[in-house]
Amino acid sequence: MRSLIDILELSVEEIDELIATANGIMADPHKYSEKCSGKKLATLFFEPSTRTRLSFEAAMYELGGHVIGFSSANNSSASKGESVADTAKTVSCYADIIAMRHPKEGAPLVAAMNASVPVINAGDGGHNHPTQTLADLITIFKEKGRFNDLTIGFCGDLKFGRTVHSLIQALSRYNNIKFILISPEELRLPDYIIRDTLEKKELKYIETTSLETAMPELDVLYMTRVQRERFFSEEEYLRLKDSYILDTDKLSNAKKDLCIMHPLPRVNEISVSVDDDPRACYFKQVLYGKYMRMALIMKLLGV
Ligand code: NCD
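Structural notes, computed from the coordinates. Just so it is clear, the model here is predicted, and its values are computed rather than measured. (Residues numbered from 1 in each chain as written. Predicted model: local features only at pLDDT ≥ 70, side-chain atom pairs only at ≥ 80, totals over all residues. Heavy atoms only, no water.)

1. Looking at the nonpolar core
Here is step 1 of the chain: Core analysis: the largest hydrophobic core is formed by 59 residues, its most contacted members being L134, F154, I168, L171, F179 and L189.
Here is step 2 of the chain: Considering each element in turn, this core owes the most residues, 10 residues, to helix α10 (residues 282-301).
Here is step 3 of the chain: Formed jointly, this core draws a minimum of three residues from each of two domains, domain 1 (7-128 + 289-301) and domain 2 (130-285).
Here is step 4 of the chain: Ignoring sequence-local partners within four residues, the contact set of I168 consists of F154, F179, L181, L189, I193, T197 and L198.
Here is step 5 of the chain: Counting residues in hydrophobic clusters, the runner-up holds 20 residues, among them A214, Y244, L264 and V274. (Core = buried A, V, L, I, M, F, W, Y, C linked by side-chain atoms within 4.5 Å. Buried < 20%, exposed > 50% of the residue type's maximum accessible area, 1.4 Å probe, protein only. Helix = DSSP H or I, 4+ residues; strand = E, 2+ residues; numbered from the N terminus. Domains from an automatic or database assignment. Contact = heavy atoms within 4.5 Å.)

2. Some remarks on the side chain of R230
Here is step 1 of the chain: Examined against the element boundaries, R230 turns out to sit in the loop between β8 (220-223) and α9 (234-240).
Here is step 2 of the chain: Since its relative accessible area comes to 13%, R230 is described here as buried.
Here is step 3 of the chain: Excluding its chain neighbours within four sequence positions, the residues that come into contact with R230 are E47, P103, G125, G126, F160 and R162.

3. Here we look at the packing of aromatic side chains
Here is step 1 of the chain: In the structure shown here, the tally under the stated rule is 8 aromatic pairs.
Here is step 2 of the chain: Centre to centre, the rings of F154 and F179 are 6.3 Å apart; their planes meet at 25°, and the pair counts as stacked. Taken together, the residues F154 in strand β5 (residues 150-155) and F179 in strand β6 (residues 177-182) connect sequence positions 25 residues apart.
Here is step 3 of the chain: Of the residues examined, F179 reaches a relative accessible area of 0% and is grouped as buried.
Here is step 4 of the chain: With centroids separated by 5.5 Å and ring planes inclined at 55°, the aromatic side chains of F160 and F231 adopt a geometry described as tilted. Taken as a pair, F160 in the loop between β5 and α6 (162-171) and F231 in the loop between β8 and α9 lie far apart in primary sequence, 71 residues in all.
Here is step 5 of the chain: A relative accessible area of 15% places F160 in the buried class.
Here is step 6 of the chain: By the ring-pair criterion, three or more aromatic residues cluster together here, those being F141, F147 and Y174. (Phe/Tyr/Trp six-rings, centres within 6.5 Å; stacked < 30°, edge-to-face > 60°.)

4. Description of the site of the ligand
Here is step 1 of the chain: The ligand sits among T52, R101, H129, Q132, R162, T163, R225, Q227, P263, L264 and P265.
Here is step 2 of the chain: Interatomic distance of 3.1 Å between a side-chain N/O atom of R101 and an oxygen atom of the ligand.
Here is step 3 of the chain: At 2.9 Å, a backbone N or O of P263 approaches a nitrogen atom of the ligand.
Here is step 4 of the chain: More than half of the atoms of the ligand fall within 2 Å of the grid points belonging to the largest pocket.
Here is step 5 of the chain: Its residues assigned to classes, the shell around the ligand comprises 3 nonpolar, 5 polar and 3 charged. (Near = heavy atom within 4 Å. Polar contact = N/O pair within 3.5 Å; in protein donor to acceptor, adjacent residues only side chain to side chain. 1 Å grid on protein atoms, 1.4 Å probe; cavity = no way out; pocket = protein on both sides within 12 Å on 5 of 7 lines; lining within 4 Å. Sits in = over half its atoms within 2 Å of the grid points. Nonpolar A, V, L, I, M, F, W, Y, C, P; charged D, E, K, R; others polar.)

Shape is all these values report; function is a separate question.
Pasting the structure below:
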């Protein structure tokens, strides 16, 4: 039995296989419509979510399976003081696979250590978000046709943005990737990722506060929301929330084939006028995410 807590638990070859499966599903969804019949997915969401939870649920339904779960800690026995370990043991009696989102870093790992069914980390605090990374990777592959030889800008809240952390770790395994880390000083990428991933693997990276100067070089621009819920002070959030706003003017010196990504939800950081630009890929990313979750569920269930 295998869980997915950290994106690096999947080898590069396995990621290629998941992308191939997702492409196969897109080409012929009917072929997959009974693959998980009789199986149940439990979505245990202790934090708000639209895309991740609903795409897991849609994924399981499209595989012919069933879904049970809760969408807020208040609706679960966590509000009575139940531990994550006990919740995981309990839900293992009802479901064949679990997707868990939790505000505490490491909670899905604790669940995986206690569950008797596979557990998928659907986002743990400001730490990791491996299934968003699967959505991001297939988007990059479909748009750019490769994972090597790319200059990728990450812009916004690189400190608390868990999708950024997982995607940088995933991309660190390909060749000749240059990372441009664009953030206010206060929201820089955590030192442990700089040290243990970028520097340890001798990857090319620069840190900057300027989106404008980085723009002409970028093949991919990964915008992120400032993560209000992880700030200690509302004042600090208000000061930083509009640090970067991508609009059509700022794209004037961007590459013609730039791929603009965002894990969503967007607040202010991409103007809606950018949505009509053919380089805007963030809603495609949403759709691809569902197919990658279908591929992942099948892999972890061994069907
Ligand atoms: C992200 C998350 O939850 O980390 N959303 C998502 O799953 N697509 C990004 C965010 O909340 O900003």
